[in-house]
Amino acid sequence: MDTATHFVMGFGLAGLSFVDPAVSSQPMLAGAVMLATVIGSQAPDADTALRLKSNAVYIRNHRGITHSLPFLLLWPGLITMVLSPIFGLNDARSVGHLALWSFIAVAIHVFSDLFNTYGTQAARPITERWIAWNIIHIFDPFIFGTHVAAIALWVTGLIPPAPLFVTLYIIIVLYYIWRIVAHARITRSIKLKDIKHDPSDKYIVIPTIKPRRWNVVKAKKEGDYYVGQLNYGRLEWFKHAVNSRHPAVEHSKSHPDIQAFLYFTSYAVAEVEELSSGYIVRWGDVRYLHRKQFPFVAVLVMDHQYHPLQTYVGWLSSEKLDERFAIEPGSMKV
């Protein structure tokens, strides 16, 4: 999920913690738990600081080790160790409840991220495979909006926190179940909607911010992709993405920034534009379709001897890329 949603979920879990008699009966523990759930809901994304080093390092590592199995225990342990003395929690019972709610916050952060397209390495160190279930958009208005509404009711004192947030999370669980069922149903039926399909085609159904609209990727056995959208049951293909066979593509794979991008995604295609000064290789992740473009990219500019000149990894439209690298209007795709 996005940072704002994790933030409101932290407060939501603070409200839910009032079902715990130890929390509801001790104001100091309740304050510690509130801070712990808010921090715990953000802690796994501490790797965002890697942006300061480079986008490539950030993309390769974001939602990696900080979302792994060992960190499910490490983050709550650190949070509990820091907050216990600040709030004067000296007895084992209070510290235990603080650790429990810290763990719940961290675990829900990691678990909710599994439902997005970006995914996490939540099973690390068992495997470094990126786990992405493609069920919930990274920003879901329903999840965010219901949390904001519940927090507002809590702050105004209209409804006590325990029943309010128990009701909220029952609704959220039912919403997740509905989305899981909808995704499974669409995934099973998508081939029937595609009149031009081969038995070997594989389909990836990806959520958008609108519940009835899904992006669809059809992976061909030849390695190319068709990218389209299922909008209220109507399937439309927008783009046929094919990997360029130009030698510059293979040379680009040796660059660390391109390697970082390809480490993160298995759904990348490359195109090459020939410039008077050399070549520009543009890798795009076909899962992220926006206005018929792939804005999540890794770009490498090389001279005619395939020596790297400039690079960029991250989110950028085709127009902004052209401006960033001053691509000549007469350049040719090869």
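Residues numbered from 1 in each chain as written. Predicted model: local features only at pLDDT ≥ 70, side-chain atom pairs only at ≥ 80, totals over all residues. Heavy atoms only, no water.

**Q** Would you take a moment to explain the overall build of the protein for this structure?
**A** Helix and strand counts for the protein stand at 11 helices and 9 strands. Each of the three principal axes of the protein carries a C-alpha extent, and together these read 70 × 45 × 35 Å. Residues classed as buried in the protein amount to 49% of the 334 residues present. Here the analysis covers contacts within the protein between residues at least 6 apart in sequence; of these, 56% occur between residues at least 24 apart. Accessible surface, the protein: about 16,300 Å² in total, of which carbon and sulfur atoms supply 64%. (Helix = DSSP H or I, 4+ residues; strand = E, 2+ residues; numbered from the N terminus. Buried < 20%, exposed > 50% of the residue type's maximum accessible area, 1.4 Å probe, protein only. Contact = heavy atoms within 4.5 Å. Areas by Shrake-Rupley, 256 points an atom, 1.4 Å probe, with all protein chains shown as cover.)

**Q** What exactly am I supposed to notice about the nonpolar core here?
**A** Soluble, globular proteins show a tendency: their nonpolar side chains are buried together. Residues Leu29, Leu98, Ile136, Ile143, Phe165, Tyr169 and Tyr176 are the most contacted members of the largest nonpolar core, which totals 33 residues. Only helix H1 (3–16), helix H2 (21–24), helix H3 (27–40), helix H5 (69–86), helix H6 (92–113), helix H7 (141–156) and helix H8 (161–193) provide two or more residues apiece to this core. With 7 residues, the top contributor of residues to this core is H8. Formed by 23 residues, the second largest nonpolar core is a distinct cluster that contains Val272, Tyr279, Val281 and Trp283. (Core = buried A, V, L, I, M, F, W, Y, C linked by side-chain atoms within 4.5 Å.)

**Q** Teacher, can you tell me more about the pairing of strand E3 (residues 225–231) here?
**A** Walk down a regular strand and you will see the side chains alternate between the two sheet faces. When you tally the buried positions in E3, you get 5 out of 7 residues, the bulk of the element. As defined by bridge partners, strand E2 (residues 213–219) adjoins E3 across 7 bridges and the pair is classed as antiparallel. Note that in E3 the partner of Lys218 across the bridge is Tyr226. Linkage of E2 to E3, two consecutive antiparallel strands, is achieved through a turn of 5 residues, within which Gly223 is found at a positive phi near 105 degrees. Hairpin remark: E3 followed by strand E4 (residues 234–241), antiparallel, with 2 residues in the connecting loop; positive phi at Tyr232, about 50 degrees. (Pairing = 2+ DSSP bridges.)

**Q** Sorry, what's going on with the sheet that holds E2 here?
**A** Think of a sheet as strands paired side by side through backbone hydrogen bonds, with each pair either parallel or antiparallel. Spatial strand order, E1-E2-E3-E4: 4 strands in an open sheet with antiparallel pairing. What marks the edges here is a single partner per strand, and that holds for strand E1 (202–207) and E4. When the angles between neighbouring strand axes are averaged without regard to direction, this sheet yields 25 degrees. Where H8 meets the sheet, it contacts E1, E2, E3 and E4, and its direction lies at approximately 140 degrees from that of E1. (Axes fitted to C-alpha atoms, helices over the stretch in contact; angles between N-to-C directions.)

**Q** Is there a simple way to think about the side chain of Thr265 in this case?
**A** Here Thr265 is to be found in the loop between helix H10 (256–264) and strand E5 (268–275). Of the residues examined, Thr265 reaches a relative accessible area of 4% and is grouped as buried. A polar contact of 2.9 Å, which involves the side chain of Thr265, links it to the backbone nitrogen of Tyr267. With sequence-adjacent residues up to four places away left out, Thr265 is seen in contact with Asp285 and Arg287. (Polar contact = N/O pair within 3.5 Å; in protein donor to acceptor, adjacent residues only side chain to side chain.)

**Q** Can you help me understand the layout of surface pockets in this one?
**A** Take a probe with the size of a water molecule and roll it over the atoms, and the empty space left behind shows itself. In this structure, the largest pocket spans a volume of roughly 940 Å³. As for the largest pocket, its lining consists of 38 residues, of which His137, Ile138, Tyr288, Pro295 and Trp315 are closest to the centre. Secondary structure elements with two or more residues in the lining of the largest pocket: helix H4 (55–61), E1, E2 and strand E8 (308–315). Of the residues assigned to the lining of the largest pocket, the class counts are 16 nonpolar, 13 polar and 9 charged. (1 Å grid on protein atoms, 1.4 Å probe; cavity = no way out; pocket = protein on both sides within 12 Å on 5 of 7 lines; lining within 4 Å. Points joined across faces, edges and corners; volume = space filled by probe spheres on them. Nonpolar A, V, L, I, M, F, W, Y, C, P; charged D, E, K, R; others polar.)

**Q** When you look at the pairing of strand E7 (residues 296–303) in this model, what are you seeing that I'm missing?
**A** Burial within E7 is extensive, with 8 of its 8 residues counted as buried. Burial along E7 is two-sided: Phe296, Ala298, Leu300 and Met302 facing one way and Val297, Val299, Val301 and Asp303 facing the other are all buried. Pairing analysis gives 7 bridges linking strand E6 (residues 278–285) to E7, with the strands arranged antiparallel. Bridge pairing in E7 places Tyr279 opposite Met302.

**Q** Quick question: what am I supposed to make of a positive patch on the surface here?
**A** A grouping of Arg185, Arg188, Lys193 and Arg212 is seen on the molecular surface, where their side chains present a positively charged patch. Position of Arg188 relative to the elements: it lies in helix H8. With relative accessibility at 63%, the residue Arg188 sits in the exposed group. (Patch = residues over 30% accessible without salt bridge, like charges linked within 9 Å, V, L, I, M, F, W, Y side chains within 5 Å. Salt bridge = Lys/Arg side-chain N within 4 Å of Asp/Glu carboxyl O. Lys, Arg positive; Asp, Glu negative; His and termini not counted. Charge placed at Lys NZ, Arg CZ, Asp CG, Glu CD.)

**Q** Sorry if this is basic, but what is going on with the domain arrangement of the protein here?
**A** For interface size, the figure often reported is the accessible area lost on association. Each assigned domain of the protein is listed here: domain 1 (3–182), domain 2 (194–241) and domain 3 (243–325). One C-alpha centre belongs to domain 2, the other to domain 3, and the line joining them spans 23 Å. Contacts between the two partners involve 11 residues from domain 2, matched on the other side by 10 residues from domain 3. Across the interface of domain 2 and domain 3, roughly 950 Å² is buried in total on both sides, 73% from carbon and sulfur atoms. For the interface between domain 2 and domain 3, the tally reads 0 salt bridges. At the boundary of domain 2 with domain 3, the tally comes to 1 residue pair in polar contact (both at pLDDT 80 or more). Elements that contribute at least two residues to the side of domain 2 that touches domain 3 include exactly E1, E2, E3 and E4. Classifying every residue of the side of domain 2 that touches domain 3 gives 7 nonpolar, 3 polar and 1 charged. (Domains from an automatic or database assignment. Buried area = accessible area lost by both parts, 1.4 Å probe.)

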